[in-house]
2 protein chains.
Amino acid sequence: MKRNLYLNVQDKEAALENYLDALGEIQTESEMVSVTESLGRTAAEAVFARWSSPSYNSCAMDGIAVVSSRTKGASEKNPLLLREGEDYLDVDTGDMILPPYDAVIMAEELIETESGDGYEIISAVPPFANVRAVGEDIVAGEMILPSGHEIRAVDISAMLSAGVRTIPVRKKPAVGIIPTGDEMTDIADVPDTGPEDGRIAETNSWMFDGLVRENGGIGKRYDIVPDRPELLEEAVLRAVRECDIVIVNAGSSAGRDDYTVHVLRKLGTVLTHGVSIKPGKPVILGIVKGKPVIGLPGYSVSAYLAFREFVVPVMNRFLLSGGRAEEKIRAKLTKTVMSGLKYEEYVRVKLGLVDGEMIAAPLGRGAGASMSLVKADGFCVIPKNSEGIMAHEEAEIRLLEKPEQIGRTLVVIGSHDIILDVLNDLMMESQSGMRLSSTHMGSMSGLIALKRRETHIAPSHLLCEEDGTYNEAVIREMFPGEKIVLIKGVRRRQGFIVKKGNPLNIRTVADLTPEVRYINRQKGAGTRVLFDYLLKKEGIPKMQITGYEHEAATHMSVAVAVQKDNADVGMGIYSCARTLGLDFVDAASEEYDFVTREEYLDLPVVQEFLRALRSREFLAKLEELGGYTAEEIGEIRKIHNFLS
Amino acid sequence: MKRNLYLNVQDKEAALENYLDALGEIQTESEMVSVTESLGRTAAEAVFARWSSPSYNSCAMDGIAVVSSRTKGASEKNPLLLREGEDYLDVDTGDMILPPYDAVIMAEELIETESGDGYEIISAVPPFANVRAVGEDIVAGEMILPSGHEIRAVDISAMLSAGVRTIPVRKKPAVGIIPTGDEMTDIADVPDTGPEDGRIAETNSWMFDGLVRENGGIGKRYDIVPDRPELLEEAVLRAVRECDIVIVNAGSSAGRDDYTVHVLRKLGTVLTHGVSIKPGKPVILGIVKGKPVIGLPGYSVSAYLAFREFVVPVMNRFLLSGGRAEEKIRAKLTKTVMSGLKYEEYVRVKLGLVDGEMIAAPLGRGAGASMSLVKADGFCVIPKNSEGIMAHEEAEIRLLEKPEQIGRTLVVIGSHDIILDVLNDLMMESQSGMRLSSTHMGSMSGLIALKRRETHIAPSHLLCEEDGTYNEAVIREMFPGEKIVLIKGVRRRQGFIVKKGNPLNIRTVADLTPEVRYINRQKGAGTRVLFDYLLKKEGIPKMQITGYEHEAATHMSVAVAVQKDNADVGMGIYSCARTLGLDFVDAASEEYDFVTREEYLDLPVVQEFLRALRSREFLAKLEELGGYTAEEIGEIRKIHNFLS
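Reading guide: rules and limits
Residues numbered from 1 in each chain as written. Chains lettered and ligands numbered in written order. Predicted model: local features only at pLDDT ≥ 70, side-chain atom pairs only at ≥ 80, totals over all residues. Heavy atoms only, no water. UniProt positions renumbered as here; feature names shortened; annotations may be inferred. Helix = DSSP H or I, 4+ residues; strand = E, 2+ residues; numbered from the N terminus. Rg over C-alpha atoms; globule rule 2.2 N^0.38 Å. Buried < 20%, exposed > 50% of the residue type's maximum accessible area, 1.4 Å probe, protein only. Contact = heavy atoms within 4.5 Å. Lys, Arg positive; Asp, Glu negative; His and termini not counted. Charge placed at Lys NZ, Arg CZ, Asp CG, Glu CD. Salt bridge = Lys/Arg side-chain N within 4 Å of Asp/Glu carboxyl O. Least-squares fit on C-alpha atoms with pLDDT ≥ 70 in both. Polar contact = N/O pair within 3.5 Å; in protein donor to acceptor, adjacent residues only side chain to side chain. Pairing = 2+ DSSP bridges. Axes fitted to C-alpha atoms, helices over the stretch in contact; angles between N-to-C directions. Buried area = accessible area lost by both parts, 1.4 Å probe. Nonpolar A, V, L, I, M, F, W, Y, C, P; charged D, E, K, R; others polar. Phe/Tyr/Trp six-rings, centres within 6.5 Å; stacked < 30°, edge-to-face > 60°. Lys NZ or Arg CZ within 6 Å of the ring centre and 35° of its normal. Arc of directions from axis to C-beta. Domains from an automatic or database assignment. pLDDT = per-residue confidence, 0-100. Parallel < 35°, antiparallel > 145°, perpendicular 65-115°, else oblique.

- Going by what an unreviewed UniProt entry lists, chain A is known as Molybdopterin molybdenumtransferase and is assigned to Ruminococcus turbiniformis.
- Heading Catalytic activity (unreviewed entry) of the UniProt record for chain A holds this comment: "adenylyl-molybdopterin + molybdate = Mo-molybdopterin + AMP + H(+)".

1. Description of the overall build of chain A
Right, so step 1: For chain A, the helix and strand inventory stands at 16 helices and 38 strands.
Right, so step 2: Taking 26 Å as the expected radius of gyration for a compact globule of 644 residues, we find that chain A reaches 34 Å, considerably beyond that expectation.
Right, so step 3: In terms of its C-alpha atoms, chain A occupies a principal-axis envelope of roughly 110 × 75 × 45 Å.
Right, so step 4: With 644 residues in all, chain A has 59% of them scored as buried.
Right, so step 5: Sequence-distant contacts, at least 24 apart, represent 77% of the contacts inside chain A between residues at least 6 apart.
Right, so step 6: Side-chain charges in chain A split into 74 positive and 96 negative, and the spacing between the mean points of these groups amounts to 7 Å.

2. Looking at the pattern of salt bridges
Right, so step 1: Taken as a whole and judged by the stated rule, the model has 94 salt bridges over all chains.
Right, so step 2: One salt bridge in this structure joins K12 of chain B and E13 of chain B, with 3.6 Å as the shortest N-O distance.
Right, so step 3: Classification of K12 of chain B as buried rests on a relative accessible area of 10%.
Right, so step 4: Residues participating in the shared-partner salt-bridge network are K488, R491, E591, D593, E632, E635 and R637 of chain A.

3. Considerations on the relation of the copies chain A and chain B
Right, so step 1: Expressed as a screw operation, the relation of chain A to chain B combines 0.0 Å of axial shift with a rotation of 180 degrees, fitting to an RMSD of 0.2 Å. In symmetry terms, the pair is related by a two-fold rotation axis.
Right, so step 2: Most of the interface of chain A is mirrored in chain B, where 100% of its interface residues are also at the interface.

4. Some thoughts on the environment of S415 of chain A
Residues and elements named next belong to chain A.
Right, so step 1: Tracing the chain through its elements places S415 in the loop between strand 29 (409-414) and helix 9 (419-429).
Right, so step 2: Each C-alpha atom, one on S415 and one on H461, is 7.3 Å from the other, the two residues being 46 residues apart in sequence.
Right, so step 3: The contact partners of S415, leaving out residues within four places of it in the chain, are L420, G442, S443, P459, S460, H461, R492 and Y592.
Right, so step 4: Within the local environment of S415, its side chain forms a polar contact with the side chain of H461, the two groups lying 3.1 Å apart.

5. Observations regarding the sheet that holds strand 4 (residues 63-66) of chain B
Residue and element names in this part refer to chain B.
Right, so step 1: The three strands are arranged 6-4-7 in an open sheet whose pairing can be described as antiparallel. Strands with a single pairing partner mark the edges of an open sheet, and in this sheet they are strand 6 (89-91) and strand 7 (103-106). Pairs of neighbouring strands in the sheet enclose a mean axial angle of 40 degrees, with direction left out of account.
Right, so step 2: With four bridges joining them, strand 4 and strand 7 adopt antiparallel strand pairing. Residue I64 lies in a different strand from strand 7, and its bridge partner there is I105.

6. Some thoughts on the interface of chain A and chain B
Right, so step 1: Counting residues at the interface gives 116 residues for chain A, matched by 117 residues for chain B.
Right, so step 2: Carbon and sulfur atoms make up 55% of the area that chain A and chain B hide from each other, which totals about 9800 Å².
Right, so step 3: There are four salt bridges connecting chain A and chain B.
Right, so step 4: Across the salt bridge formed by R50 of chain A and D192 of chain B, the nearest N and O atoms sit 3.1 Å from each other.
Right, so step 5: Run the count over chain A and chain B and you get 30 residue pairs in polar contact (both at pLDDT 80 or more).
Right, so step 6: Per element, the largest residue contribution to the side of chain A that touches chain B is eight residues, and it comes from helix 2 (residues 153-161) of chain A.
Right, so step 7: Tallied by class, residues from the side of chain A that touches chain B come to 52 nonpolar, 33 polar and 31 charged.

7. What to know about the pairing of strand 36 (residues 583-597) of chain B
Residues and elements named next belong to chain B.
Right, so step 1: Within strand 36, 11 of the 15 residues are buried, which leaves the element mostly enclosed by the surrounding structure.
Right, so step 2: Note that strand 31 (residues 457-460) and strand 36 share four bridges and pair antiparallel. Bridged to S460 within strand 36 is D593.
Right, so step 3: The pairing of strand 32 (residues 483-498) with strand 36 spans 13 bridges and is classified as antiparallel.

8. Some points on the packing of aromatic side chains
Residues and elements named next belong to chain A.
Right, so step 1: With the rule as written, the count across this model stands at 18 aromatic pairs over all chains.
Right, so step 2: Judged by centre distance (5.9 Å) and plane angle (85 degrees), the ring pair of Y346 and F379 falls under edge-to-face. Of this pair, Y346 sits in strand 24 (residues 344-354) while F379 is found in strand 26 (residues 378-382), placing the two residues 33 residues apart along the sequence.
Right, so step 3: Using a relative accessible area of 1% as the deciding quantity, one classes Y346 as buried.
Right, so step 4: The exposure class of F379 is buried, given its relative accessible area of 0%.
Right, so step 5: Aromatic ring contacts, followed pair by pair, group Y304, Y346 and F379 into a single cluster.
Right, so step 6: When the ring centre of Y574 is taken as origin, the NZ or CZ atom of R493, which lies over that ring, is 5.2 Å away.

9. Regarding the pairing of strand 9 (residues 118-121) of chain A
Remember that side chains alternate between the two faces of the sheet whenever the strand is regular.
Residues and elements named next belong to chain A.
Right, so step 1: Note that strand 5 (residues 80-83) and strand 9 share four bridges and pair antiparallel. From the neighbouring strand, L80 faces strand 9, where its bridge partner is I121.
Right, so step 2: Hairpin connection from strand 8 (residues 111-112) to strand 9: five residues lie between these consecutive antiparallel strands, with G116 at a positive phi of about 75 degrees.

10. Some points on the sheet that holds strand 9 (residues 118-121) of chain B
Right, so step 1: Ordered by their spatial adjacency, three strands build an open sheet running 5-9-8 (chain B), and the pairing between neighbours is antiparallel. Both outer strands of the open sheet, strand 5 (80-83) and strand 8 (111-112) of chain B, are each paired with one neighbouring strand and no more.

11. Let's talk about helix 16 (residues 616-625) of chain A
Spacing of three or four residues puts side chains on the same side of an α-helix, whose turn is 3.6 residues.
Residue and element names in this part refer to chain A.
Right, so step 1: Of the positions making up helix 16, those classed as buried are F618, L622 and L625. Viewed end-on, helix 16 has its buried residues packed into an arc of 65 degrees, placing them on one side of the element. Seen from the buried face of helix 16, the exposed residues on the opposite side, beyond 90 degrees, are R616, E623 and E624.
Right, so step 2: Lining the buried residues of helix 16 we find helix 9, strand 32 (483-498), helix 14 (574-579), helix 15 (604-613) and strand 37 (628-629).

12. Focus on unusual backbone geometry
Trans peptide bonds make up the majority, and among non-glycine residues the majority have a negative phi.
Right, so step 1: Cis geometry is found at the peptide bond from N249 of chain B to A250 of chain B, where omega equals 0 degrees.
Right, so step 2: Mapped onto the fold, A250 of chain B is located in the loop between strand 17 (245-249) and helix 5 (260-267).
Right, so step 3: Of note, the amide linkage connecting K278 of chain B to P279 of chain B takes the cis form, showing an omega dihedral of -5 degrees.
Right, so step 4: Tracing the backbone shows P279 of chain B in the loop between strand 19 (277-278) and strand 20 (284-288).
Right, so step 5: Of note, F128 of chain A is a non-glycine position whose phi angle comes to about 70 degrees, a positive value.
Right, so step 6: As for its placement among the helices and strands, F128 of chain A is situated in the loop between strand 9 and strand 10 (131-132).
Right, so step 7: Take F128 of chain A: its relative accessible area is 16%, and that puts it in the buried class.
Right, so step 8: A positive phi angle, close to 65 degrees, is found at D565 of chain B, a residue other than glycine.
Right, so step 9: In this structure, D565 of chain B sits in the loop between helix 13 (555-563) and strand 35 (569-573).

13. Focus: the domain arrangement of chain A
Right, so step 1: Assigned domains of chain A: these are domain 1 (12-27 + 173-319), domain 2 (30-54 + 136-170), domain 3 (58-132), domain 4 (328-403) and domain 5 (454-639).
Right, so step 2: Each of domain 2 of chain A and domain 4 of chain A was reduced to a C-alpha centroid, and the two centroids are 42 Å apart.

14. Thoughts on the confidence of the model for chain A
Right, so step 1: Averaged over chain A, the pLDDT score is 89; the fraction of residues at 70 or greater is 97%.
Right, so step 2: Our summary of model confidence lists the complex with pTM equal to 0.84 and ipTM equal to 0.86.

15. A short note on the packing of helix 9 of chain A against helix 15 of chain A
Residue and element names in this part refer to chain A.
Right, so step 1: The interhelical angle for the contact between helix 9 and helix 15, taken along N-to-C directions, is 110 degrees, at an axis separation of 9 Å. Viewed along their axes, helix 9 and helix 15 adopt a mutual orientation that is roughly perpendicular. Between helix 9, through L423, L426 and M427, and helix 15, the contact on the second element is made entirely by V605, E608, F609, R611, A612 and L613.
Right, so step 2: Considering only residue class, the contact of helix 9 with helix 15 consists of seven nonpolar, no polar and two charged.

16. A closer look at the environment of R348 of chain B
All names here are of chain B.
Right, so step 1: With respect to the helices, strands and loops of the structure, R348 is situated in strand 24 (residues 344-354).
Right, so step 2: Under the relative-accessibility criterion, R348 is labelled buried at 1%.
Right, so step 3: Spatially, the C-alpha atom of R348 lies 29 Å from that of V261, the residues being 87 residues apart in sequence.
Right, so step 4: A distance of 2.6 Å separates polar atoms of two side chains, one belonging to R348 and the other to S372.

This is the structure in C-alpha cells:
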C-alpha cells in the first residue's frame, strides 16, 4: 500500500500569505466596455467627467424667469409689477435660462394682477435663485468614480451625463476547472436512473463554475481527466495557457490515486499540501508557469470551503479587490459542538432570531454533506486548539445568508416529518418573504430548545406510556407555570418500512429475528421511543435486535437504507415508504403536533406558519403524500399549567 | 399659461397598496432552464431529489474495509489479526463498499503486524462505521429547494448530484422603458463636445435599464418619444403589448408639457398622480390593458427614488418575491436637516464609523444631483409631519452600501480640494478594501466635526490673521487639553480664476469693480475667509462686490461658473482653473493640512491614508495637477495643548 504523506500541514493564514507572496505582483488586465454595458464591472481607472451637467443654466421649477437685478426693492409695502414679455417669461422645469434672465420665481409664489396682465412680487430675488446652474450636478474634470469602484445603475447615468461613453474595467479572471478521477461520469453521460454502481456524477465542477461567477470571474470547465498522471500533466499545461487561474479537482488528498501533487511538483512548484482546516484539509497550492494552480478536495463541502478560503483571495488579486468583507454575528449554539485540537473547524449552522436572541443550530458535519451547505445560514468557526463550544454558549458566526432574511425565519427544532419541507415551501411561495428553518433533533430535544427559548416551534410526537396520549403529558411536566400552546398537527401512521412485497414477512416486532437487519433512529427521536415501547410490550430485549445500534437521522434515511439493502426493515412514516416505492406495515397511529409558547402566536412568522398549515394547498398535499389525517389541523390548545 | 394640477397627492404607502390591489393577482410565468445555467434565478417550484446521493455505499476514509460482525470481541488484551484478502481490502476514500464488507477502519488506526502480513485491531467496529451510506447526503424524493429560493452555486451541485437537470424558474419580468421629451437627445447622437444649448442627453433610461437588471428583470429601452400625445399613445400601446411593466419618463409632473397623465387616462386608468415623497413627488401609477404603466419624474434623483419605491415592488410581484429587505442602521447626523411637513423626505448621506459611532453626513439635496446618488451610502428618511432632524441626533438610515464597507471608510469632513479624490483613488486602487469618504463643509465645520468625534480627519486651511500661520492657532484654541496632530499636506496656490486671456484684467481685489460679476464660496470655507481677509486688507466693503451672495460649494463649481459665463471671476485653486482651461491670477499661497486626533493615527484607515499621501504616485499626481508643493507632506506635528 503506497500512500502520499502531507509533508507539512500548514495553518490557513500562513499558507495563504505565503502563496500570495509567491504569486507576487499580478499583471491585471483591463478592457474597454461601453458604459451602458458596465453594470457590475469594476472600474480599472478613475473616471473623470468630460462635460458639465447640466450643460446650460436651466430652470429648476415651473414659474417665471426674471432678471434678478431688476427685482431689487420689491417688498410687501412696495410690490413690484412684472409684465409678460417685458419683465418675465413663462418657464417650465428644465427650460433653458438665457441672458438677461438669471433667476426663476416659482409658480406657487406668484400673485396675478387683477387686470391679468402680469404678476406682483413682494420680495427681491437673488441671482441664480431656482436656477440649476451649469455644472451644478457634475463639473467637467471632476472625478466621478475612483478606481476599483463596482459599477451600479446610478453610476451609469452619472457617467453618461458627464459625456463618458466607454470606460476601462478590470478583465474578469478566467478560472480553468479540471475535474479528475476514473470513477467520475460527466453529468451529461449519467443514465436517467442515476449513476451506475461505483460511478459518481461529477458535479463539483459546476459548483466551482457558479462560485467563480459569484465572485466575478469566468469559469472554463475542461473534460474529466482519468487517473493517469500524463493526461493530467497535459490538461494542466493546456489550462495554464488558456486561463489565469487553474483548479484541479480532486486527487489532492494523500490516497494511492492522489497524484495531483506529484504532477504539480513536476510541472512547477508546490508551496502547500494540506492545511489545518476541517473540512477542507487536502488543499494543494501550486504555481505552474507563473500561474496559480490549486488542487481542491473531492468532498463537496471540503471543496466549497477550500475554494472560499484559497481560490477567492487569488481571484481578488486579479480583480484588485479586497473582496466582500464577511459579515459576522454572534449567536447562541443550540447544542455542544466538539472539535479536534489540530484543525480550525467550520461547522455549518442554521440561524434564527428567537425572543431577540440569535440562535445557531449546528447542521450535519460530514465533508460530503452537500445538503448541509444548501441549508446553512452560516459557519461557526472553531479555532485550532479549541476543544469545541458548549451548548447555549455564544459563538461568532460567519454569515452566508443575509441578516434581514434571518429575522424573517421561523425556527423549528424537534421531530422530523417531510411535511415541514412542504410547509416551508408554502411559506416561501407566498410573498411574505418568510421561511421555515427546521433542524431535526428529535421531539425531546425540540421541547428542551423551546424551554430555553431557542426555537419558536417544537414539532413533537411523544407518547405517554401511561394513558396513550401524545405530547400534553410531557409538556405539563416540562413547563410548570408557563403558558404553552399545542398547535394541532396531523395524525400519521408509523410502521415498518420493508422491501416491496415484504419478502421477510414482517408483521410485528416479534418478527425481528436475528437474521433480520433492522435500522434504528437516533436517541430522543419519537420513533425510537415508539419502537422501544413496542419491544417492551412484547418483552423483547434490545440486544436481540440486529442493527439496533445502526442509526439514521430521518424517516427518509431509514427508507433509503431499506431500499438500497443496507437494512431489511426500519420504523418510519408511511409517506417515506411510499415515496421510495417500498411496502409499509402499519404499527401505530400517532399525533404529530407543534408546540409553542402562547406569546409567540402573534409573531408574524408564526401567523404565516398557521396560514400555511390551515391552507387548502396543504391539505391537498397531505392527501397526495398519504398516511396522514388532519381532522384538528391548526387548532390551538392552551396548556396553562400553573403551579398551585 | 395652462398647467395640470396634481388631483390628490397621496401618501406613499397608501398609493402603493392601492395600486398593488388594483393590479390584482399577477399571472407569473415560469420557464425551464438547465440547472447549470440557473445561477441567480428563482425556483418557480420546489425541487425534489430524483436520485439518492451517494448512490452506493462508499468509503469515507482511506483505510481497510472489514466485515463488522467479524470484529466483535477485539480488545487491547485480545487483539484481532486481520489478513489481507481474507479479512480486509485496502480502500481509498470514495471506493465502493460491497458485501460482505460493511465498515471501514481508518489507516491512521491500523497497527501493522511484525511479519507484515496484516493488521492487528484492538476494538470492534460497528456496522457502517466510516461508510458513507447510500442517501447519507441526499435521499431520493427529498425536497432540495423550496419554491422562491434564489439559486446559488452550492444549490447547483446539490441538484445535479440528485439527478435534477432542468428546473422551472420564474421568468424575469420585461420592463419597457419609454424616454420622452423634445429636449432629449439620445446619447448616441450627442456631439462629442457635449449637448448643444437647450438639449439634454437622455441618460435616465440607462439608469432604469441598470435598475431593472439589478432587481432581476429585463430592460427594454424604446426610442425617445417627442412631446406629442399621439406619439406617446402609440409608444405606450406598443410597450404594453411587448412588456410586463412599462415606465414612461418623464412628463409626469404638472407643467404645461406634461401630458403623460392625460395619455394614460385616455388609454386606461390612473390611480395616483403625485405622492408625498421628496424627491420623487411626480409619480403616475396607471394601468393600461391590465399592465402596470408607471410615469416617473425627470430629475435623476427623483426618478431613482420613485423607481425604488414603486417599480421595484411591482417587479417583486412578478418575481413572487418579498424583495430584499432593506438593511437599516442608526447613525448620528453631522448637521441639521430641515424638512417640510408635507412630504416624506429622502436625504442622501455618507456614512462612516468614528470611535465606534456611526456617523451620517448629509449630501446635496437637489432632485437633479445625480452625483449625490453616486456618493450616497444611504438615505435618512424624514417622515411627513416632521420638521427635520437636529445635528448630532440619531436617525434611522436605510443602507445603500454594505455595512462592512462602511467600517473600512476613512471619514473626512472639512475643506474641499480635488486631491481628496486623488487620495481616495489611491486607497481604492490598493487591495486594502479601504476608501476615503469626504464631505465638503469648509475648514471650520470640519474642525467642529473632529471636536465632536464625527470625523477621522479634518482637512483645513485656516489662516491666523495675526501671525500669517495656518491651522495651528485655531487648533490650539479649539482643542484645549486634547491630543491633536497635524498631518502636513500641501502648499497650494489660491488666486482669481478668470476667463482665458483675463479679458477684464483682474490682478487684485481692487479690480473687482461693480461691473465685474464675482462668484463666492459658502460661509466657513477657508477660501471665503481668505477673500474676506484680502478685502479687509484693502478696505473694500463686501457690499461693493457684485455677486458676493452668489455662492458655490467647491473650487470646481467656481471654475465652471467662470467658464460658462455665470460669473467673471471667483477665488479658487490653480488646479481647477487649469483643468477647465481658464487663467489664474496668483493671490496667496496657503497650507492645506489634515487635522486628526493622535489616537486615530493607529487606525488601519488612517495608516492607509498616510501610505497613499506619502506615495510616489501621489507626488506625481500633484505635479500633473499643478499649483501644489509638497515639501513636508505626510509629516506629523503633535499639537499637545495641555491646559496649564
